[in-house]
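What follows is each chain in one-letter form.
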Amino acid sequence: MKKLLSVVLAGAMMASLTACGGGAAQTTPAETTVEETTRKAPETLGETLLFDFEDRVAENADATAQELAEGILTNEAILFSGGAMPVEEGFLMGFGEAEITGFEEAVMFAPMIGTIPFVGYVFDMPDAESAEALIDVLTENADPRWNICTEAEETVTGTAEDKVFFVMCPKSLEQ
């Protein structure tokens, strides 16, 4: 059993090292806010997920951050197996040394495979004013290279009611 586990772990390490070796050209992450997007057809993965978030809040303004994040993970544009988990105030993945605070509830959603440059959050805020302030903090501190070996291509934020959506991701998951 130990040998099998060792072989599986070694294979996983080799796969992650191989993923780091890509010599793709670096792109500058795009930033989009809900004010800049219209309800035309979304052009990127981030916009698709933002629109999904907005629709879910419009359908049920009382949905929890956990329910919203789990719902977003079911979007057909997401081509990976993911998970959603509650987070507490403090240091969150993707924001370097900045402490993210001021929310009532927050949930991170991400792929199970760590080499995909994708991390998203849904925050439940006390009010709409604090939601706008949190977007400023998130945008200022977002680090598209938080994930070793990969870099997110876009950062998308938005609000609906007293909820905040944030995602750093590739523009498309299709290869």
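Residues numbered from 1 in each chain as written. Predicted model: local features only at pLDDT ≥ 70, side-chain atom pairs only at ≥ 80, totals over all residues. Heavy atoms only, no water.

Student: Kindly report on the pattern of salt bridges, identifying the contributing residues and their values.
Tutor: Pairing between side chains becomes possible if they bear opposite charge and their charged atoms approach one another. Following the criterion strictly, the structure yields 5 salt bridges and no others. The salt bridge partner of Glu43 is Lys40, with a shortest N-O separation of 3.1 Å. The salt bridge partner of Asp162 is Lys163, with a shortest N-O separation of 3.4 Å. Here Lys163 falls in the buried class, since its relative accessible area comes to 4%. Overlapping salt bridges bring together Asp124, Asp162 and Lys163 as one network. (Salt bridge = Lys/Arg side-chain N within 4 Å of Asp/Glu carboxyl O. Buried < 20%, exposed > 50% of the residue type's maximum accessible area, 1.4 Å probe, protein only.)

Student: Outline the confidence of the model for the chain, listing residues and values.
Tutor: Of all residues in the chain, 76% attain a pLDDT of 70 or more, and the chain-wide mean is 82. Scored below 50 in pLDDT, residues 1-29 makes 13 contacts in the model with residues more than four places away or belonging to other chains. Across residues 33-37 the pLDDT falls below 50, and counting only partners more than four positions away or on other chains, this stretch makes 12 contacts in the model. (pLDDT = per-residue confidence, 0-100. Contact = heavy atoms within 4.5 Å.)

Student: Would you mind going over the nonpolar core in detail, with residue names and values included?
Tutor: In terms of nonpolar packing, the biggest core is built from 24 residues, with Leu49, Phe53, Ile72, Phe109, Phe118, Val122 and Phe165 touching the most fellow members. Among the elements of the structure, helix H2 (45-59), helix H3 (65-72), strand E5 (105-111), strand E7 (154-160) and strand E8 (163-169) are those that each provide at least two residues to this core. The greatest single-element share of this core, amounting to 6 residues, is contributed by H2. In this structure, Val87, Ile100, Val119 and Met168 belong to the second largest nonpolar core, which totals 22 residues. (Core = buried A, V, L, I, M, F, W, Y, C linked by side-chain atoms within 4.5 Å. Helix = DSSP H or I, 4+ residues; strand = E, 2+ residues; numbered from the N terminus.)

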